[in-house]
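What follows is the residue order along each chain.
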Amino acid sequence: MQWFRYLTLAGLAALLGGCANFTGQQGEALPREAQWGLVPMVNYSQTPLAGERSEQILLSSLTRKGLQPRIYPPARQGDLILVDDRERLAAALDWARQQRLDYVISGSIEEWQYKSGLDGEPAVGISLRVLEPSTGRVLWSNSGARAGWSRESLAGSAQKVIDKLVDDLQLQ
């Protein structure tokens, strides 16, 4: 009977571990008191405005970690459809250099959708990175993906992924 418990626990651990995947590099600890900025996320998903949605979640997660980044001014609503996210990112990095920011946080959205099927599970894939605007050098990067449960919201799944990614960012 004892072996059945162990087998059940091992199966449950494998099931829960299979729902999320994270990769990244440890990197050096970065100073919390430096001048930080938040620049646009590049949206590679099929969902319009997923980058903007994730930026808002990321901002709250960074604030929880003690960072108060300057935010790149948002584009006007009508311009968002016409402007490529990579162009927005390039303009934001120019802005960060002009503002003399030490570090900026950016990233990309690889997946942001409800899976098709009866359950309609939320699925998100997000990558974050810290850049040095003056050189363009990547100092830290991390990626995560998660498929939530059928009654979970997409924003809730994204919050869990972003929180985990930001928690791995080492600050001093």
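Residues numbered from 1 in each chain as written. Predicted model: local features only at pLDDT ≥ 70, side-chain atom pairs only at ≥ 80, totals over all residues. Heavy atoms only, no water.

Caption draft 1: Representation of the overall build of the chain within the structure. Along the backbone of the chain there are five helices and six strands. Shown N-terminal to C-terminal, the secondary structure of the chain runs as helices and strands in the order α-β-β-α-β-α-α-β-β-β-α. Within the chain, the proportion of its 172 residues that are buried is 41%. Relative to all contacts within the chain whose residues are 6 or more apart in sequence, the contacts with residues 24 or more apart total 70%. (Helix = DSSP H or I, 4+ residues; strand = E, 2+ residues; numbered from the N terminus. Buried < 20%, exposed > 50% of the residue type's maximum accessible area, 1.4 Å probe, protein only. Contact = heavy atoms within 4.5 Å.)

Caption draft 2: How the structure looks around the side chain of Ser 157. Within the element layout of this structure, Ser 157 appears in helix 5 (residues 154-167). Accessibility expressed as a relative area gives 0% for Ser 157, which makes it buried. With near-sequence residues (within four places) excluded, Ser 157 lies in contact with Pro 122, Val 124, Arg 146, Gly 148 and Glu 152.

Caption draft 3: Here's a closer look at helix 5. End to end, helix 5 covers 20 Å across 14 residues, agreeing with the expected 20 Å (1.5 Å per residue, within 8%). Considered for burial, the residues of helix 5 that qualify are Leu 154, Ser 157, Ala 158, Val 161, Ile 162, Asp 163, Leu 165 and Val 166. Capping the start of helix 5, Ser 153 holds a side-chain oxygen 2.9 Å from the backbone nitrogen of Gly 156, two or three residues further along. (Expected span 1.5 Å × (residues − 1). Polar contact = N/O pair within 3.5 Å; in protein donor to acceptor, adjacent residues only side chain to side chain.)

Caption draft 4: Quick peek at the pairing of strand 4 (residues 103-114). Pairing analysis gives six bridges linking strand 2 (residues 36-43) to strand 4, with the strands arranged parallel. Across the sheet, Leu 38 pairs through a bridge with Ile 105, a residue of strand 4. Sheet analysis places strand 4 next to strand 5 (residues 122-132), joined by 10 bridges and oriented antiparallel. Its bridge partner being in strand 5, Ile 109 is matched across the sheet by Ile 126. (Pairing = 2+ DSSP bridges.)

Caption draft 5: Looking closely at the confidence of the model for the chain. In the predicted model, the chain carries a mean pLDDT of 85, and 82% of its residues have values of at least 70. Per-element mean pLDDT across the chain ranges from 44 in helix 1 (residues 2-17) up to 97 in strand 5. For residues 6-18, every residue scores under 50 in pLDDT, and the model assigns this stretch one contact once sequence neighbours within four places are set aside. (pLDDT = per-residue confidence, 0-100.)

Caption draft 6: Here's a closer look at the nonpolar core. Among the nonpolar cores identified, the biggest contains 29 residues, and Trp 36, Leu 58, Ile 105, Trp 112 and Ile 126 are the most heavily contacted of them. Looking at this core, the elements that each hand over two or more residues are strand 2, helix 2 (50-64), strand 4, strand 5, strand 6 (137-147) and helix 5. No other element matches the six residues that helix 5 contributes to this core. Setting aside residues up to four positions removed in sequence, Ile 126 forms contacts with Met 41, Ser 108, Ile 109, Glu 110, Trp 112, Asn 142, Ser 143, Gly 144, Ala 158, Val 161, Ile 162 and Leu 165. Grouped together as the second largest cluster of nonpolar side chains are 11 residues, Leu 89, Ala 92, Val 104 and Leu 131 included. (Core = buried A, V, L, I, M, F, W, Y, C linked by side-chain atoms within 4.5 Å.)

Caption draft 7: A look at the packing of aromatic side chains. Applying the stated rule across the entire model yields two aromatic pairs. Note on Trp 36 and Tyr 103: the rings are 5.0 Å apart at their centroids and 40° apart in plane angle, and the pair reads as tilted. Taken as a pair, Trp 36 in strand 2 and Tyr 103 in strand 4 lie far apart in primary sequence, 67 residues in all. Take Trp 36 and Tyr 103: they sit in the same class, and that class is buried. Considering the side-chain rings of Tyr 72 and Trp 95, the 5.5 Å spacing of their centres and the 70° angle between planes classify their relative orientation as edge-to-face. Remark: Trp 95 occurs in helix 4 (residues 85-98) and Tyr 72 occurs in the loop between strand 3 (70-71) and helix 3 (77-80); sequence separation between them is 23 residues. A residue is classified by how much of its surface remains accessible, and Trp 95, at 13% relative accessible area, is buried. (Phe/Tyr/Trp six-rings, centres within 6.5 Å; stacked < 30°, edge-to-face > 60°.)

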